[in-house]
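# Analysis of the macromolecular model
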Amino acid sequence: RREERRLAATRRAQLGERLRPVTQAIAGIEQRLPALESRLSQIDRELADPQAWEAPERMAALGRERTILVAEREDLETRWRDLAEQRERIEAEEA
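Below is a short write-up of the structure.

### With respect to the overall build of the protein chain
- If you tally the helices and strands in the protein chain, you get two helices and zero strands.
- Against the compact-globule benchmark of 12 Å for 95 residues, the protein chain has a radius of gyration of 22 Å, which places it well outside the compact range.
- By its C-alpha atoms, the protein chain is 75 × 15 × 15 Å across when sized along the principal axes.
- The buried share among the 95 residues of the protein chain stands at 19%.
- Excluding contacts between residues fewer than 6 apart, the proportion of contacts in the protein chain whose partners are at least 24 apart in sequence is 74%.
- A total accessible area of about 7,000 Å² is found for the protein chain, and carbon and sulfur atoms account for 50% of it.

### Focus on the pattern of salt bridges
- Across all of its chains, the model carries eight salt bridges by this definition.
- As a salt-bridge pair, E17 and R20 come within 2.5 Å of each other at their nearest N and O atoms. Here E17 and its partner R20 are both found in helix α1 (residues 2-48), three residues apart, which amounts to about one turn of the helix.
- Exposure remark for R20: the relative accessible area of 40% places this residue in the partly exposed category.
- With a closest N to O distance of 2.8 Å, R39 and E65 form a salt bridge. Of this pair, R39 sits in helix α1 while E65 sits in helix α2 (residues 56-94), and the two are 26 residues apart along the sequence.
- R39 sits in the partly exposed class, given a relative accessible area of 22%.

### Side note on α2
- Between its first and last C-alpha atoms α2 spans 57 Å; for 39 residues at 1.5 Å apiece the expected length is 57 Å, and the two agree.
- Residues M59, L62, L69, V70, L76, L83, A84 and I90 constitute the buried set of α2.

### With respect to a negative patch on the surface
- Taken together, D82, E85, E88 and E91 make up a surface patch of like negative charges.
- Looking at the secondary structure, you find E85 in helix α2.

About the criteria used
- Residues numbered from 1 in each chain as written.
- Predicted model: local features only at pLDDT ≥ 70, side-chain atom pairs only at ≥ 80, totals over all residues.
- Heavy atoms only, no water.
- Helix = DSSP H or I, 4+ residues; strand = E, 2+ residues; numbered from the N terminus.
- Rg over C-alpha atoms; globule rule 2.2 N^0.38 Å.
- Buried < 20%, exposed > 50% of the residue type's maximum accessible area, 1.4 Å probe, protein only.
- Contact = heavy atoms within 4.5 Å.
- Areas by Shrake-Rupley, 256 points an atom, 1.4 Å probe, with all protein chains shown as cover.
- Salt bridge = Lys/Arg side-chain N within 4 Å of Asp/Glu carboxyl O.
- Expected span 1.5 Å × (residues − 1).
- Patch = residues over 30% accessible without salt bridge, like charges linked within 9 Å, V, L, I, M, F, W, Y side chains within 5 Å.
- Lys, Arg positive; Asp, Glu negative; His and termini not counted.
- Charge placed at Lys NZ, Arg CZ, Asp CG, Glu CD.

The following block contains the structure:
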């Protein structure tokens, strides 16, 4: 009985070690996405303001920044999905 508990504890520890980098990467993405979404919303509000277009260089810069942020968001979302699938595979292997 004691040996079974020790083996179960060892398996849980090994699972934790395998999951740790995946979980940390997911957490990093989940931390970055809200800030990115907030900035995109801010840019969209500014781009929607007709008066803001009186400064075309500023609008061009915002458009470039928006393009970069949208691409980053798409990359992060794809990475998040891939990591979530990887986490599920690891958990399934241990089940």
